[in-house]
Amino acid sequence: MIRGGIKLDTVVKKQEVRSAGNEIIGYAEDLTNYINQFQSIIDSVNNVWQGADALRYINFMRDQYTPKLLLFKSMLEEYGVYLKKIPEAYEVLDETFSSRKIDV
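Residues numbered from 1 in each chain as written. Predicted model: local features only at pLDDT ≥ 70, side-chain atom pairs only at ≥ 80, totals over all residues. Heavy atoms only, no water.

1. Describing the overall build of the chain
- Of the regular secondary structure elements, the chain holds two helices and two strands.
- Each helix (α) and strand (β) of the chain, taken in turn from the N terminus, gives the series β-β-α-α.
- Residue burial in the chain is summarised as follows: out of 104 residues, 17% are buried.
- Intrachain contacts of the chain at a sequence separation of at least 6 include 76% that bridge at least 24 residues.
- Accessible surface, the chain: about 8,200 Å² in total, of which carbon and sulfur atoms supply 57%. (Helix = DSSP H or I, 4+ residues; strand = E, 2+ residues; numbered from the N terminus. Buried < 20%, exposed > 50% of the residue type's maximum accessible area, 1.4 Å probe, protein only. Contact = heavy atoms within 4.5 Å. Areas by Shrake-Rupley, 256 points an atom, 1.4 Å probe, with all protein chains shown as cover.)

2. Remarks on the environment of asparagine 22
- Within the secondary structure, asparagine 22 sits in helix H1 (residues 14-48).
- Separated by 57 residues in sequence, asparagine 22 and tyrosine 79 place their C-alpha atoms 9.9 Å apart.
- Within polar-contact distance, the side chain of asparagine 22 engages the side chain of lysine 84 at 3.2 Å. (Polar contact = N/O pair within 3.5 Å; in protein donor to acceptor, adjacent residues only side chain to side chain.)

3. Digging into the confidence of the model for the chain
- Chain-level statistics for the chain give a pLDDT mean of 87 and a share of 88% at 70 or above.
- Here strand E1 (residues 2-3) is the element of the chain with the lowest mean pLDDT, 52, and H1 is the one with the highest, 94. (pLDDT = per-residue confidence, 0-100.)

4. Here we look at H1
- Between the first and last C-alpha of H1 there are 52 Å, a value that for 35 residues agrees with the 51 Å anticipated at 1.5 Å per step.
- Every buried residue belonging to H1 is among Val17, Gly21, Ile24, Ile25, Ala28, Leu31, Ile35, Ile42 and Val45, and all of these are buried.
- Contact partners of the buried residues in H1: helix H2 (52-97). (Expected span 1.5 Å × (residues − 1).)

5. Observations concerning the side chain of threonine 66
- By secondary structure assignment, the location of threonine 66 is in helix H2.
- We classify threonine 66 as buried; its relative accessible area is 7%.

6. A short note on the pattern of salt bridges
- Per the counting criterion, the structure on display carries four salt bridges.
- The salt bridge involving glutamate 91 is made with arginine 18; its shortest N-O contact spans 3.7 Å. Here the residue glutamate 91 occupies a position in helix H2, and arginine 18 occupies one in helix H1, the gap between them amounting to 73 residues.
- What makes glutamate 91 partly exposed here is its relative accessible area of 32%.
- Classification of arginine 18 by relative accessible area gives partly exposed; the value is 24%.
- Here glutamate 77 and lysine 73 are joined by a salt bridge, their closest N and O atoms 3.3 Å apart. Highlighted residues: glutamate 77 and lysine 73, both in helix H2, separated by four residues, approximately one helical turn.
- By relative accessible area, lysine 73 is classed as buried at 15%. (Salt bridge = Lys/Arg side-chain N within 4 Å of Asp/Glu carboxyl O.)

Pasting the structure below:
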């Protein structure tokens, strides 16, 4: 049933939500590896490129991209944990309101 643009008979598939949370956490772990590789590549630039331009490039990459990638990884982890907790909240709601009928 759709009322006011909101579908009221949507069913939350708890195991699918939990699995999505685990999958997103896995992506965050993969991203950690890629960030480490990125930092290693940035560090190795100094071996093949010398001078002020190289230093500016390396500092820019470290100062601009690495913190943003780490922030994104953190956000992915938090969202994954959040999704893993959703089924628990729905289970509590189901237990509390399963015997009640709400007329709208």
